[in-house]
Amino acid sequence: MNRSQLLVPALGLIISVLVGIAVVTGWPSDSTVAASPVERPDTSLVWAQIFGVAQAAAFVLFLVSLVVVRRRPSRLMVILGLAIVIQLLPLAGPMILSSDGWSYWSVGRIASVLGGNPYVDVAASFPADISTAYVFQAWQEQVTPYGPVWVGASAVAALGSGADATLSTWLFRAAAAAAMVALAVMVSRASPRPAFAAMFVGWNPVFAMQFAGSGHNDAVMAALLIGGLLAAAAAHHRLGGLGWAIAAGVKWLPLVLLPLQATDELARKRGSLVAWTLVSLIALGLVSSFAFGPSWLNATSPMTENATVGIRSVAIWPRLEWLLPSTLVRFGPIVLFGIAYLLLMWQAWRGRTRRGLAIGLFFVASPMLWPWYLIAPAALSAYEDDGMAMLLS
């Protein structure tokens, strides 16, 4: 390799080192970076400051890497190899930033160990269980907001990890990290710019921290969604529909894409991804009703409640309440997204289906938004090689 060919691998290695530094900041006992079930008075902000600097520097170099790889050819296998390193590194440290992994563990124990129903019974109903103390206080009085597939997976993980809180969360983090690696590989197969697509998903240090570091389930949902698209593109529509239904059984987000996908299929008079998704969803619904009763249909209610009672995320619109009328803040984004979605359906009918942009705009309009949500629009826009959607995500 000449010097120009070494630039991209060098950038990837530096990003990896910075991610490693960020991971190390979670190890000290007085670090605020590592997730904790209780507030600790003897913590130091120094570690959080080092974490912030390392992650910010890594993200800047990630953006530089994207510019470089757009301008000069790079070896896909090098990009993917470094993506694996970046996305798996946080598994070497403790769970960081978020306590969601413990919430998954609690839900799994309610379903598999405690004989409860996570769509009816809250963690606070089991004060003596070891997992309850690990659940963030605000979530202890809420039923799970996740789909039945994720509840089932959490139940299996809870059985496998027993009363070991660290092992349980590591299982969720490992699943999320594996999903990120799978996403980098899958988008590289679909995109006309495979190295750029793999880097766009796999080199993002924020995603590494949120998935291998925190264990959020959005990466699993996104991997199933992209896998379904790849299967449908290979004429395996049943498999693709099953993938989309399972993705919706983790989180409901894929359902937002069904009208857009249906428009695409009607315009081209081909494929049946939507039809097989609906068939699979019916089957999933029957199994879920048998396991949890009809209460699983209310799984989105906790998120809706959190959005309406003022729990602060990084969403745009709730921060404009001091400037705009409350009615406009509440309903304006819905109307704007509806108009944008109709325009996207018109584009799909004309031959360009922009799923990544649709999900990105959905999150712009949403009253609840967290950084880990963005893996879905990022992966879809990389799959479609949609520059505008990539920029938005």
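Structure: above.
The rules behind the values
- Residues numbered from 1 in each chain as written.
- Predicted model: local features only at pLDDT ≥ 70, side-chain atom pairs only at ≥ 80, totals over all residues.
- Heavy atoms only, no water.
- Helix = DSSP H or I, 4+ residues; strand = E, 2+ residues; numbered from the N terminus.
- Buried < 20%, exposed > 50% of the residue type's maximum accessible area, 1.4 Å probe, protein only.
- Contact = heavy atoms within 4.5 Å.
- Areas by Shrake-Rupley, 256 points an atom, 1.4 Å probe, with all protein chains shown as cover.
- Lys, Arg positive; Asp, Glu negative; His and termini not counted.
- Charge placed at Lys NZ, Arg CZ, Asp CG, Glu CD.
- Salt bridge = Lys/Arg side-chain N within 4 Å of Asp/Glu carboxyl O.
- Axes fitted to C-alpha atoms, helices over the stretch in contact; angles between N-to-C directions.
- Parallel < 35°, antiparallel > 145°, perpendicular 65-115°, else oblique.
- Nonpolar A, V, L, I, M, F, W, Y, C, P; charged D, E, K, R; others polar.
- Patch = residues over 30% accessible without salt bridge, like charges linked within 9 Å, V, L, I, M, F, W, Y side chains within 5 Å.
- Phe/Tyr/Trp six-rings, centres within 6.5 Å; stacked < 30°, edge-to-face > 60°.
- Lys NZ or Arg CZ within 6 Å of the ring centre and 35° of its normal.
- Polar contact = N/O pair within 3.5 Å; in protein donor to acceptor, adjacent residues only side chain to side chain.
- Core = buried A, V, L, I, M, F, W, Y, C linked by side-chain atoms within 4.5 Å.

Undergrad: What's the story with the overall build of the chain in this structure? I'm lost.
TA: When helices and strands are counted, the chain shows 17 helices and zero strands. The C-alpha extent of the chain, read off along each of the three principal axes, is 55 × 50 × 50 Å. Taken across its 393 residues, the chain has 52% of its residues classed as buried. Intrachain contacts of the chain at a sequence separation of at least 6 include 75% that bridge at least 24 residues. When the accessible area of the chain is evaluated, it comes to approximately 17,800 Å², of which 69% is carbon and sulfur surface. Side chains of the chain carry 22 positive and 16 negative charges; the gap between the two charge centres is 18 Å.

Undergrad: Can you walk me through the environment of Tyr373 in this structure?
TA: Here Tyr373 shows up in the loop between α15 (355-365) and α16 (375-384). Overall, the relative accessible area of 10% leaves Tyr373 in the buried class. Remark: the alpha-carbon pair of Tyr373 and Leu391, spanning 18 residues in sequence, is separated by 15 Å.

Undergrad: Help me understand the pattern of salt bridges in this model?
TA: Note on pairing: side chains with opposite charge can pair once their charged atoms come close. One pass over the structure, following the stated rule, counts seven salt bridges. Put simply, Asp264 and Arg268 hold a salt bridge, and the shortest N to O gap is 2.6 Å. Taken together, the positions of Asp264 and Arg268, both in helix α11 (residues 258-268) and four residues apart, correspond to about one turn of that helix. Overall, the relative accessible area of 9% leaves Asp264 in the buried class. We note a salt bridge from Arg354 to Asp386, for which the minimum N-O separation is 2.7 Å. Highlighted residues: Arg354 in the loop between α14 (326-350) and α15 and Asp386 in the loop between α16 and α17 (387-392), separated in sequence by 32 residues. Of the two residues, Arg354 and Asp386, neither departs from the other in class, the shared state being buried.

Undergrad: I'm lost on the packing of helix α5 (residues 148-161) against helix α10 (residues 237-250) in this one. Help?
TA: The angle between the axes and the distance between the axes are what describe a pair of packed helices. One way to put it is that α5 packs onto α10 with a least axis distance of 5 Å and a crossing angle of 75 degrees. In this view, α5 runs roughly perpendicular relative to α10, as classed from their interaxial angle. Here Pro148, Val149 and Trp150 of α5 lie close against α10, whose contacting residues are Ile246, Gly249 and Val250. In the contact of α5 with α10, the residues fall into five nonpolar, one polar and no charged.

Undergrad: Any chance you could explain a nonpolar patch on the surface here in plain terms?
TA: A cluster of nonpolar residues, Val17, Ile21, Val46 and Ile50, forms a patch on the protein surface that exposes about 310 Å² of accessible area. Every element with two or more residues in the nonpolar patch is listed here: α1 (3-24) and α2 (46-71). Considering the arrangement of structural elements, one finds Ile50 in helix α2.

Undergrad: Before we go on, may I ask you to explain the packing of aromatic side chains in this structure?
TA: The geometry of an aromatic ring pair is captured by two quantities: the separation of the ring centres and the angle between the planes. Applying the stated criterion across every chain yields a total of 18 aromatic pairs. Their ring planes at 75 degrees and their centres at 5.3 Å tell us that Tyr104 and Phe172 sit as a pair that is edge-to-face. One end of the pair, Tyr104, is in helix α4 (residues 100-112); the other, Phe172, is in helix α6 (residues 165-190), and 68 residues separate them in sequence. For Tyr104, a relative accessible area of 1% corresponds to the buried category. Put simply, the rings of Phe337, Tyr341, Phe362, Phe363, Trp370, Trp372 and Tyr373 touch in pairs and so form one group of aromatic residues. It is Arg193 that lies over the ring of Phe196; its NZ or CZ is 4.4 Å from the centre.

Undergrad: Teacher, can you tell me more about the side chain of Glu265 here?
TA: When you line up the elements, Glu265 lands in helix α11. In this structure, Glu265 is buried with no salt-bridge partner, the nearest side chain bearing the opposite charge being Arg355 at 7.1 Å. Of the polar contacts made by the side chain of Glu265, one reaches the backbone nitrogen of Val274; its length is 3.3 Å. When sequence neighbours within four positions are dropped, the list of residues in contact with Glu265 reads Arg270, Gly271, Ser272, Leu273 and Val274.

Undergrad: Explain unusual backbone geometry to me, please; I cannot follow it from the model alone.
TA: Note on backbone geometry: most residues besides glycine have negative phi, and most peptide bonds are trans. For Leu97, which is not a glycine, the phi torsion comes out positive at approximately 70 degrees. With respect to the helices, strands and loops of the structure, Leu97 is situated in the loop between α3 (76-88) and α4. By relative accessible area, Leu97 is classed as partly exposed at 43%. Positive phi, normally seen in glycine, also occurs at Ala235, with a value near 70 degrees. Mapping Ala235 onto the fold places it in the loop between α9 (218-233) and α10.

Undergrad: Would you take a moment to explain the nonpolar core for this structure?
TA: Nonpolar side chains in soluble globular proteins tend to end up buried together. Counting 93 residues, the largest nonpolar core has Leu183 and Trp203 as its most contacted members. Residue contacts for Leu183: discarding those within four places in its chain leaves Val201, Ala219, Ala222, Ala223, Ile226, Ile375 and Ala379. One finds Tyr119, Val151, Trp296 and Ala299 within the second-largest nonpolar core, a separate group that totals six residues.

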